[in-house]
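The chain contents come next:
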Amino acid sequence: MTRIDLNADLGEGFGAWQLGDDDAMLELVTSANLACGFHAGDPAGLLRVCRSAAERGVSIGAQVGYRDLAGFGRRFIDVAPEDLLADVVYQIGALRALAQVAGSAVRYVKPHGALYNSIVSHRNQAAAVAAAAHQVDPSLPVVGMTGSVFFEEADRLGLRTVAEAFADRAYTPDGRLVSRREPGAVLHDPAMIAERVLTMVTLGEVAAADGTTVKVNVESICVHGDSPGAVQIAAAVRDRLESAGLVLKAFC
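Residues numbered from 1 in each chain as written. Predicted model: local features only at pLDDT ≥ 70, side-chain atom pairs only at ≥ 80, totals over all residues. Heavy atoms only, no water.

Asker: Tell me about the pattern of salt bridges, residues and numbers included.
Answerer: On inspection of all chains with the given rule, the structure shows 14 salt bridges. When the shortest N-O distance is used, the salt bridge between Arg-48 and Asp-22 registers 3.8 Å. Of the two residues, Arg-48 is situated in helix α2 (residues 43–56) and Asp-22 in helix α1 (residues 22–26); the sequence distance between them amounts to 26 residues. Take Asp-22: its relative accessible area is 9%, and that puts it in the buried class. In this structure, the salt-bridge partner of Glu-242 is Arg-238, at a minimum N-O distance of 3.2 Å. Here the residue Glu-242 and the residue Arg-238 both occupy positions in helix α8 (residues 230–243), the gap between them amounting to four residues, near one helical turn. Of the residues examined, Arg-238 reaches a relative accessible area of 19% and is grouped as buried. Three or more residues are tied together by salt bridges with common partners; here these are Arg-123, Glu-152, Glu-153 and Arg-156. (Salt bridge = Lys/Arg side-chain N within 4 Å of Asp/Glu carboxyl O. Helix = DSSP H or I, 4+ residues; strand = E, 2+ residues; numbered from the N terminus. Buried < 20%, exposed > 50% of the residue type's maximum accessible area, 1.4 Å probe, protein only.)

Asker: Tell me about helix α6 (residues 149–157), residues and numbers included.
Answerer: Within an α-helix, residues lying three or four positions from one another point in the same direction, as the helix has 3.6 residues per turn. The set of residues buried in α6 consists of Val-149, Phe-150, Phe-151, Glu-153 and Ala-154. Residues of α6 that are buried in the fold lie against β4 (106–111), α5 (123–136), β5 (142–144) and β6 (161–166). Looking one or two places after α6, you find Gly-158, whose phi comes out positive at around 85°. (Contact = heavy atoms within 4.5 Å.)

Asker: Provide a residue-level description of the layout of surface pockets, including the pertinent values.
Answerer: Unfilled space is identified by rolling a water-sized probe across the atoms. Empty space within the largest pocket amounts to approximately 510 Å³. Every residue lining the largest pocket is counted, 24 residues in all, and those nearest its centre are Gly-113, Ala-114, Asn-117, Arg-169 and Arg-180. Listing elements by their share of the lining of the largest pocket, those giving two or more residues are β4 and α4 (113–118). Per-element accounting of the lining of the largest pocket gives the leading share, five residues, to α4. When its residues are assigned to classes, the lining of the largest pocket shows nine nonpolar, seven polar and eight charged. (1 Å grid on protein atoms, 1.4 Å probe; cavity = no way out; pocket = protein on both sides within 12 Å on 5 of 7 lines; lining within 4 Å. Points joined across faces, edges and corners; volume = space filled by probe spheres on them. Nonpolar A, V, L, I, M, F, W, Y, C, P; charged D, E, K, R; others polar.)

Shape descriptors only; they carry no functional weight alone.
See below:
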């Protein structure tokens, strides 16, 4: 692999509550997963981030989630598939309008938080999210985890799937993410994370929380924009990948 995408979850402030440093992250990433107002993000702030991304040539993706501002979209919601489909269509549509006004476009869809983790195995919700993306625009790629039922449903509809790995999250021995409720689920050492990412990209593997080796398929690396030290982590990851001869470029 000679090129890799680096993405981050951005636009997650809400009104007076600011989260992360979107402008600094946009100098480092190649793709920006922007909140769509359900788990985070307000219209004025999202328009500003869309404009900043467009100015820097950063690809914009719709980060769709459960309707859960209070829980930041990190709580599972047993929503009916037909309601979830409508919710995802609504979110993509809202961000598409903001991106268009900013002179850009929504180029992919990535689920957020609890929805992302749920559709690894929850087929009804996975099918609803895939169907929503397909109904809005069949050419939109979807970002997620290899081996998920979400990818199975997306493949069934002919959507392009983009395999993602997480720079700053611990993995279980079966290749899933360690719950944020568990100690050590979120990683913080920029140098260690950068070396870990290089191993993911070049060798297709990562050390799980128990020390075993897990195979990973990765086309895009995610650094969470709301993590403490996110800018330093993203900078370290970018520097390490480029020093190893890789080109950082958006996947679409």
